[in-house]
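What follows is the residue order along each chain.
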Amino acid sequence: MSKKIEVLTPIIMKLIHEGHSYSEIAEDLGLKNEKVIRNLVYRINHPKENSLPKKRGRKPKENLRDYNDEIKRLKMENQLLRDFLSFIGKE
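Structure report, in brief. In this convention, every chain numbers its residues from 1, walking through the sequence in written order. Only residues with pLDDT of at least 70 get local features here, since the model is predicted, and only at 80 or more are side-chain atom pairs given and counted; chain-wide, interface and lining totals rely on the full set of residues. Derived side-chain values reflect all non-hydrogen atoms in the structure, with water molecules and hydrogen atoms excluded from consideration.

Now for the overall build of the chain. Helices and strands together make up the secondary structure of the chain, namely four helices and zero strands. In this description a helix means any DSSP run of H or I spanning at least four residues, a strand means any run of E spanning at least two, and both kinds are numbered starting from the N terminus. Secondary structure elements of the chain, listed N to C terminal, follow the sequence α-α-α-α. Counting all 91 residues of the chain, 11% fall into the buried class. Here, Shrake-Rupley sampling with a 1.4 Å probe gives the accessible areas, and only protein chains in the shown set may cover a residue. Here the chain has roughly 8600 Å² of accessible surface; of this, 54% comes from carbon and sulfur atoms. The classification of residues rests on relative accessible area computed with a 1.4 Å probe and restricted to protein chains. Under 20% of the type maximum is buried, over 50% is exposed, and intermediate values are partly exposed.

Here it is in structure tokens:
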């Protein structure tokens, strides 16, 4: 959580318990709209303690190495087939 959220969280929760609406809280705190408050309250009520992070970015090196080996093997196989076809006069 960012510093701003850490500071605002207790204030927001206090205002919610006092009966203020999300839009009122957002307006009082100078936030864009009530969705910001709604999302924050949801994250507080549904923590992601055991969730796995999203997988983004490059594939692991082992898989890249396997793919590179497969590409190299396929290129060699293609070259062998081209040589065979030219040897028998099909190309």
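Before going further, it helps to spend a moment on helix 1 (residues 3-17). Relative to the 21 Å expected for 15 residues at 1.5 Å per residue, helix 1 spans 22 Å between its end C-alpha atoms, a close match to the ideal helical length. Bend at a given residue is defined as the angle between two axes, one fitted to the seven residues that end at that position and one fitted to the seven that begin there. The largest bend in helix 1 comes to about 35°, at Thr9, with the proline Pro10 one to four residues further on. Taken together, the buried positions of helix 1 are Leu8, Thr9, Ile12 and Leu15. The contact criterion used is simple: two residues touch if any of their non-hydrogen atoms lie within 4.5 Å. For helix 1, the secondary structure elements touched by its buried residues are helix 2 (22-29) and helix 3 (34-45). A positive phi of about 100° marks Gly19, the residue just after helix 1. To estimate the expected span of a helix, subtract one from its residue number and multiply by 1.5 Å.

To continue, consider the pattern of salt bridges. A pair is scored as a salt bridge if a Lys or Arg side-chain nitrogen falls within 4 Å of a carboxyl oxygen belonging to Asp or Glu. Tallied over the full model, the rule gives three salt bridges. A salt bridge links Glu18 to Lys14, with the nearest nitrogen and oxygen atoms 3.5 Å apart. In this structure, Glu77 engages Arg73 in a salt bridge whose closest nitrogen and oxygen atoms are separated by 3.0 Å. Of this pair, Glu77 and Arg73 are both found in helix 4 (residues 61-88), four residues apart, which corresponds to roughly one turn of the helix. Residue class for Arg73 comes out partly exposed when judged on its relative accessible area of 42%. Sharing partners across several salt bridges, the network here consists of Glu70, Arg73 and Glu77.

This next bit is on the packing of helix 1 against helix 3. Close contact between helix 1 and helix 3 brings their axes to 11 Å; oriented N to C, the two are set at 95°. Between helix 1 and helix 3, the angle is such that the two are roughly perpendicular. Residues Ile5, Thr9, Ile12, Met13 and Ile16 of helix 1 lie in contact with helix 3, whose contacting residues are Ile37, Leu40, Val41, Arg43 and Ile44. When grouped by side-chain class, the residues that make up the contact of helix 1 with helix 3 number eight nonpolar, one polar and one charged. Lines fitted to C-alpha atoms define the axes here, with helix axes fitted over just the stretch in contact, and angles between the N-to-C directions of these axes take values from 0 to 180 degrees. Roughly parallel covers angles under 35 degrees, roughly antiparallel covers those over 145, roughly perpendicular covers 65 to 115, and oblique covers all other angles. Under the convention adopted here, Pro, Cys and the residues Ala, Val, Leu, Ile, Met, Phe, Trp and Tyr are nonpolar, Asp, Glu, Lys and Arg are charged, and Gly plus all remaining residues are polar.

Take a nonpolar patch on the surface next. Excluding any residue in a salt bridge, patches collect residues exceeding 30% relative accessible area, merging like charges within 9 Å and nonpolar Val, Leu, Ile, Met, Phe, Trp and Tyr side chains within 5 Å. Taken together, the side chains of Phe84, Leu85, Phe87 and Ile88 make up a nonpolar region of the molecular surface, amounting to roughly 430 Å² of accessible area. As for its placement among the helices and strands, Phe87 is situated in helix 4.

Moving on: the nonpolar core. The biggest cluster of nonpolar side chains holds nine residues, and these are Leu8, Ile12, Leu15, Ile25, Ala26, Leu31, Ile37, Leu40 and Val41. Those elements that provide at least two residues to this core are helix 1, helix 2 and helix 3. If sequence neighbours within four positions are ignored, Ala26 has contacts with Leu31, Asn33, Glu34 and Ile37. Among buried residues, those of type Ala, Val, Leu, Ile, Met, Phe, Trp, Tyr and Cys that are joined through side-chain atoms within 4.5 Å constitute a nonpolar core.

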